[in-house]
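# Commentary on secondary and tertiary structure
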Amino acid sequence: MTVLFYASAAVATVGSLLAVTRTKALHALIYLILALFAVALCFLSLGAPFVAALEVIVYAGAIMVLILFVIMMLNLGPESWARERRLLPRHAWLVPTIMAGALVGLTLVAILGAPQQATQAASVGPKAVGVALFSTYLIGVELASVLLLVGLVGAYYLGAKK
Amino acid sequence: MTPQVTSAAMSATAAVPTGHVLAVAAILIAIGTFGVLLRRNLIFMLMALEVALNGAALAFIGAAARWGTADGQVFVLFIMVMAAAEVAVGLALILQIYRRTSTLDADILDTLQG
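Scoring rules and cut-offs
- Residues numbered from 1 in each chain as written.
- Chains lettered and ligands numbered in written order.
- Predicted model: local features only at pLDDT ≥ 70, side-chain atom pairs only at ≥ 80, totals over all residues.
- Heavy atoms only, no water.
- Salt bridge = Lys/Arg side-chain N within 4 Å of Asp/Glu carboxyl O.
- Helix = DSSP H or I, 4+ residues; strand = E, 2+ residues; numbered from the N terminus.
- Buried < 20%, exposed > 50% of the residue type's maximum accessible area, 1.4 Å probe, protein only.
- Contact = heavy atoms within 4.5 Å.
- Buried area = accessible area lost by both parts, 1.4 Å probe.
- Polar contact = N/O pair within 3.5 Å; in protein donor to acceptor, adjacent residues only side chain to side chain.
- Core = buried A, V, L, I, M, F, W, Y, C linked by side-chain atoms within 4.5 Å.

Attention now goes to the pattern of salt bridges. Applying the stated criterion to the full structure yields two salt bridges over all chains. In this structure, the salt-bridge partner of B:R39 is A:E84, at a minimum N-O distance of 2.9 Å. Taken together, the positions of B:R39 in the loop between helix 2 (18-38) and helix 3 (42-67) and A:E84 in helix 4 (residues 78-87) put the pair across two chains. Judged by its relative accessible area of 4%, A:E84 falls in the buried class. Ionic pairing is found between B:R40 and B:D105, a salt bridge with its closest N-O pair at 3.2 Å.

Rendered as structure tokens:
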């Protein structure tokens, strides 16, 4: 499981980096889906099989297909690839790299400098998650359903042709 | 409930240290921030946000694995619901912006003069 975690973490990092730097929208989306699969494997190796399955089904399945549909509707052809490349000149990389690099560097020093604590090897199955979801966090489930309803109505209203 | 962890206990269980999980989560969040800062196309900014949200979810799973409870997994489910609603509304906004202005460049969309 340890090897699985480090391997999928490496794939997730590389996939995410490629996803945010590609100029072709579809390629970026495919790399993002690869990264999501790798993150799902991380979840699995950390003893969360239910969330790993939902990550693949809901995130990589439903949400990414939504983005895919919009990319198709926007009809981003070769001229948009060239435009994206124009939007990413060499000097545009400098400030984001420095800022994100400083952020991650300081955080890594703080996290890895602290005394390490091991994760538990036992996996927490769907039953335990369901019990916690519908007892302790019942109000959260209701709020989430309201949020989804508002998102549905809002997306319908905003997306309508006016 | 005191953290009773030594390097000997860690090597005995051969599990991933919590700090390494949090480190990967921090890297993912930083990559997402990097993408939002770097890109000017709204679709790519939305995709970079998804990367950052996944980093946050991984941090929750790391904490859940640290304590061996289901609470962290429940919060990841809430993150997924939030991401679904965010992507639906965000993509509807992007489509509407594209219909009205025929561009997705965030630097051109400055009519609010922010």
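Let us look at the interface of chain B and chain A. On the chain A side, the residues contacting the 73 residues of chain B number 76 residues. Where chain B abuts chain A, roughly 6800 Å² becomes buried across the two surfaces, and 76% of that area is made up of carbon and sulfur atoms. The tally of links from chain B across to chain A stands at 16 residue pairs in polar contact (both at pLDDT 80 or more). Secondary-structure elements contributing two or more residues to the side of chain B that touches chain A are helix 1 (7-13), helix 2, helix 3 and helix 4 (71-101) of chain B. If one sorts the elements of the side of chain B that touches chain A by residue count, helix 4 of chain B sits on top with 25 residues.

Turning our eyes to something else, we now look at the nonpolar core. Generally speaking, soluble globular proteins have nonpolar side chains that are buried together. Membership of the largest hydrophobic core comes to 70 residues, with the highest contact counts inside it found for A:F43, A:M64, B:I43, B:M47 and B:L58. Of all elements in the fold, only helix 1 (2-21), helix 2 (25-45), helix 3 (49-74), helix 6 (126-134) and helix 7 (138-159) of chain A together with helix 2, helix 3 and helix 4 of chain B reach the threshold of two or more residues within this core. Here the element with the most residues in this core is helix 3 of chain B; it accounts for twelve residues. Apart from the residues lying within four places of it in its own chain, the contact partners of B:L58 are A:C42, A:F43, A:L46, B:V21, B:V24, B:A25 and B:L28.

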